[in-house]
Amino acid sequence: MAVPPIQRSPKAAAAGPSAGVKFPWLLDVVLGLLVVAALPLAIVAIPNTVSVVADLLPGDIDRVGLTRAHGLTLPAMMLTVPLAAVALRRMRVAYVLVAGLALLAVADVAGGYAGSTFLVGVLRVLHGVGAGVLIPATLVAVWDRPPVMRALWTGMLSVSLLAAQALALWPLDKADHWQITLQPYPLLTGVALALAAAYLLVWLLQGESAAPAPRAKERSRLLLATVPAAGIAVLAISTASQDWRAGLVVLVAVLSVAALLALATIGGAESRTLAYTFVAVGVVLLPMLAQVTTVELGGLGGPGLNGLWVAFGVAALAAIGAAVAVALFGGNVVSWLTRGGLVLMVLGLATVRLMAPAQQGGLLVVPFTFLAVGAAVALTAALRRAGVGVALFGLALCFPGVLSGYLLGTGVQVMMLRGKRSAQALVDGYVEALHTWALIGGFLIVAVIVLGALLGRRSDAGPVVAEGASEGTAAAAASEEGTAAAAPAEGGPSGAGDGASGDALGGIGGSGESREGLGDSGMAQADVEAARTGQAETEPARAEAKTDPAKAEASPEGGGRQEQERAQERKPEQAPRPAQAEKPEQARPPAQAEKPEQAPRPAQEQEPEQAPEQARERVRETEADEVDEGDRPTGEIPRIVLPTPVNGDSPVTADPARAAGERDPVAPAVPPPAQSPEDDDNP
């Protein structure tokens, strides 16, 4: 009696990677706290705030050079994000999280001892590399967790981009040394590092589940994303080190955004939607809120940072709540929710033009909430229909978009402040630049919505498969397609269990060891082709058998029925032996099994002298082909079959063709059913 293979229970497979864990919620709790602490810590390193503490700088230090060195964080970050995303395929995400936070902690500690422009540049690059490692690692960590975790990540990313400028300026309010710009939140860094260590410990205790990783095609696109990132970084450093005209800076920024949108177009509809959304959020959210925060400072007549925290808090709670709602109840309207989120951002930019600057910070709740909720909803909805590779690709385009937005906003601001001398004229110039930048940002988001809709209509119709799905998912889809196509061939009109089409499928499969070397999709495709060929070549034989009874007896279907009758009359001691007995000299190259005419026949088929002369001629031709092709190694394990004695014949005399030195052209697939020797009551 054959023992069926052990298969995983469908309920266990549906339970996910946390099935069987005693406390599956513990890992999610620790990871959620880590996301809440780590994402703001990474994004807050982007703003260049050293000019705010210019009065605290020593007299012998180059202030212009220090400002340029302090701005190296964002170029380093946007180059690190795609490289870290590619490295996550080889490295465990828990270790990457600890490494990124450890790098931030080292940079914070060393920041207190910085005393030169070179050291400041090195530490800011370390901040950028640590943040660039941390952001994609947190996304991969939450990917296979419950949907709420991914919504928490998008909500925290939106809130961090919204409040990054305010969070970077807050520690400088009562600063007594300029090095505080290099270590704004050392306590938060320590807490995040402790949470990363706790996450690593819980992850190890719960079985070290593997995180998803991008496929080969997606890794190529991630590496391609470093090209525009490097170009934009070089241009940004050039504009900072040389006195470029404002119009030229604006032109460079516009071309940078166009290049990012062109790169985002690569891929399917869902890939484009997510990449467009990341680019739009990156270009608009942080650069715009940086200018809003600057205008609302107390020195320019605004409420100051203390008056803005209520607006930031309300916007943060609303953004996280909206992201969670989309993750839980989005359903099949995620494409509309993505566009709806971008429309909310446009409304937020419109309210910025109407309400900023505001004498009271409470009025800014409206634009801040529109911007944060819109970004969170758009990102969460777009991520629902994408794979992890597509998500990492969009994230790799987000931070070059942030730098492009900074260039665009700076160019507009310089143009508006040109020729202004008095304090009131400068304030008016800042406000005019803010309103102009809000208008440009609104038109940019509208253009992204229209572009996505137009390209979406031109996309091919058919079932949508996320490009970021893992290799196993794609192979499973191909295998299911092959099985569905092979089903009609196997269940054809022959009615025999080992018909020609079924034998063709078995001949391609070969032994279990040889099938393991084939991929799922390639194996299913080969099975489908063999089944179609076998069925096509069997139809003429069936038609000929209907008109000639003698040929009907020699056909595989007729032979199968005749051998079943023989098996019932045979004594138990004459039961056929398994077809796995091996004799090396009778090995047949498996490549010949793919031919439908050599499909395996039942083991107890009639003697060769009863076969028609045409079948004998075909056997001789097949053996001649085997001699030609058998000398070439195939790299597969050959199938070896011995003849089965019939009516007391010896293995040599059972087949006259074999006694004459010829080889059996076909190999029996499965022996026919026979009576068990132990069943004496039921002859």
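Computed from a predicted structure; not experimentally measured.

Definitions and cut-offs
Residues numbered from 1 in each chain as written. Predicted model: local features only at pLDDT ≥ 70, side-chain atom pairs only at ≥ 80, totals over all residues. Heavy atoms only, no water. Helix = DSSP H or I, 4+ residues; strand = E, 2+ residues; numbered from the N terminus. Contact = heavy atoms within 4.5 Å. Areas by Shrake-Rupley, 256 points an atom, 1.4 Å probe, with all protein chains shown as cover. Salt bridge = Lys/Arg side-chain N within 4 Å of Asp/Glu carboxyl O. Core = buried A, V, L, I, M, F, W, Y, C linked by side-chain atoms within 4.5 Å. Buried < 20%, exposed > 50% of the residue type's maximum accessible area, 1.4 Å probe, protein only. Axes fitted to C-alpha atoms, helices over the stretch in contact; angles between N-to-C directions. Parallel < 35°, antiparallel > 145°, perpendicular 65-115°, else oblique. Left-handed = near helix turned anticlockwise from the far one by under 90°. Nonpolar A, V, L, I, M, F, W, Y, C, P; charged D, E, K, R; others polar. pLDDT = per-residue confidence, 0-100. Phe/Tyr/Trp six-rings, centres within 6.5 Å; stacked < 30°, edge-to-face > 60°. Patch = residues over 30% accessible without salt bridge, like charges linked within 9 Å, V, L, I, M, F, W, Y side chains within 5 Å. 1 Å grid on protein atoms, 1.4 Å probe; cavity = no way out; pocket = protein on both sides within 12 Å on 5 of 7 lines; lining within 4 Å. Points joined across faces, edges and corners; volume = space filled by probe spheres on them. Expected span 1.5 Å × (residues − 1).

What follows concerns the overall build of the protein. For the protein, the count of helices and strands is 24 helices and zero strands. At a minimum sequence separation of 6, the contacts of the protein that also span at least 24 residues come to 85%. About 32,300 Å² of surface is accessible on the protein, with carbon and sulfur atoms providing 60% of the total.

Here the focus is the pattern of salt bridges. Under the counting rule described, the total for this entry stands at one salt bridge. Here Arg 145 and Asp 28 are joined by a salt bridge, their closest N and O atoms 2.7 Å apart. Here Arg 145, found in the loop between helix H6 (117–143) and helix H7 (147–169), pairs with Asp 28, found in helix H2 (residues 24–43); they are 117 residues apart in sequence, far enough to count as distant.

Grouped together as the largest cluster of nonpolar side chains are 155 residues, with contacts concentrated most on Trp 153, Tyr 199 and Phe 399. With 17 residues, the single largest contributor to this core is helix H15 (residues 388–417). Within the second largest apolar cluster, six residues are counted, among which are Ala 322, Val 326, Val 373 and Val 377.

So, on to the side chain of Thr 369. Here Thr 369 lies in helix H14 (residues 365–384). Residue class for Thr 369 comes out buried when judged on its relative accessible area of 18%.

Two quantities define a packed helix pair, namely the angle between the axes and the distance from one axis to the other. Two elements in contact, helix H11 (residues 269–295) and helix H13 (residues 334–355), have axes whose closest approach is 12 Å; the angle formed by their N-to-C orientations is 20°. Classified by the angle between their axes, H11 and H13 sit roughly parallel to one another. Crossing hand, H11 versus H13: left-handed. Contact with H11, carried on its side by Thr 273, Thr 277, Ala 280, Val 281, Val 284, Met 288 and Val 292, involves Thr 338, Leu 342, Met 345, Leu 349 and Val 352 of H13 and no other residues of that element. Residue composition of the contact of H11 with H13, grouped by class: nine nonpolar, three polar and no charged.

With that out of the way, let us pick up the environment of Val 44. With respect to the secondary-structure elements, Val 44 resides in the loop between H2 and helix H3 (63–70). For Val 44 and Ser 160, which are 116 residues apart along the polypeptide, the C-alpha to C-alpha distance reads 7.4 Å. Residues in contact with Val 44, not counting those within four places in the same chain, are Ala 164, Leu 167, Ala 168 and Tyr 185.

Before going further, it helps to examine the environment of Ile 320. When you line up the elements, Ile 320 lands in helix H12 (residues 309–329). A C-alpha to C-alpha distance of 8.9 Å links Ile 320 and Ala 372, two positions 52 residues apart in sequence.

On to the packing of H2 against H6. Remark: H2 packs on H6, axes separated minimally by 10 Å, with the N-to-C direction vectors making an angle of 150°. If you check the angle between H2 and H6, you find them roughly antiparallel. The hand of the H2/H6 crossing is left-handed. Between H2 and H6, the contacting residues are Leu 31, Val 35, Ala 38, Leu 39, Ala 42 and Ile 43 on the first element and Ala 131, Leu 134, Ile 135, Thr 138, Ala 141 and Val 142 on the second. Split by residue class, the contact of H2 with H6 holds 11 nonpolar, one polar and no charged.

Here Asn 306 is to be found in the loop between H11 and H12. Given a relative accessible area of 59%, Asn 306 falls into the exposed group. Spatially, the C-alpha atom of Asn 306 lies 8.6 Å from that of Gly 361, the residues being 55 residues apart in sequence.

Bringing the side chain of Ser 404 into the picture now. Position of Ser 404 among the secondary structure elements: in helix H15. By relative accessible area, Ser 404 is classed as buried at 1%. When residues no more than four places from it in sequence are discounted, the contact partners of Ser 404 are Ile 232, Ala 253, Ser 256, Val 257 and Leu 260.

Taken over all residues, the pLDDT of the protein has a mean of 73, while the share at 70 or more is 62%. Segment residues 460–541: pLDDT under 50, and 87 contacts once partners within four positions in sequence are set aside and those in other chains are kept. Low pLDDT, under 50, characterises residues 624–632; the stretch is placed with 10 contacts to residues that sit more than four places away or in other chains.

With that settled, consider unusual backbone geometry. Cis geometry is adopted by the peptide bond preceding Pro 357, which originates at Ala 356 and carries an omega value of 0°. Residue placement: Pro 357 occurs in the loop between H13 and H14.

This part takes up the packing of aromatic side chains. Under the counting rule described, the total for this entry stands at four aromatic pairs. When the ring of Trp 170 is compared with that of Trp 309, the centres are 5.1 Å apart and the planes differ by 55°; the resulting orientation is tilted. Taken as a pair, Trp 170 in the loop between H7 and helix H8 (186–205) and Trp 309 in helix H12 lie far apart in primary sequence, 139 residues in all. For Trp 309, a relative accessible area of 23% translates into the label partly exposed. Centre to centre, the rings of Trp 309 and Phe 312 are 5.7 Å apart; their planes meet at 50°, and the pair counts as tilted.

We now examine a nonpolar patch on the surface. Residues Phe 23, Trp 25, Leu 26, Val 29 and Leu 33 make up a contiguous nonpolar surface patch of about 470 Å² in total accessible area. Note on placement: Trp 25 falls in helix H2.

Here the focus is empty space enclosed by the protein. Following the criterion strictly, the structure yields five cavities of 30 Å³ or more and no others. Here the largest cavity defines a volume of roughly 150 Å³. In this structure, the largest cavity is lined by 14 residues; those nearest its centre are Val 44, Ala 45, Arg 124, His 127 and Pro 184. Of all the elements in the fold, those that place two or more residues in the lining of the largest cavity are helix H5 (93–111) and H6. Residue composition of the lining of the largest cavity, grouped by class: eight nonpolar, four polar and two charged.

On to H14. Between its first and last C-alpha, H14 extends 28 Å over 20 residues, near the 28 Å set by a 1.5 Å rise per residue. For H14, the buried fraction is high: 16 of the 20 residues fall into the buried class.

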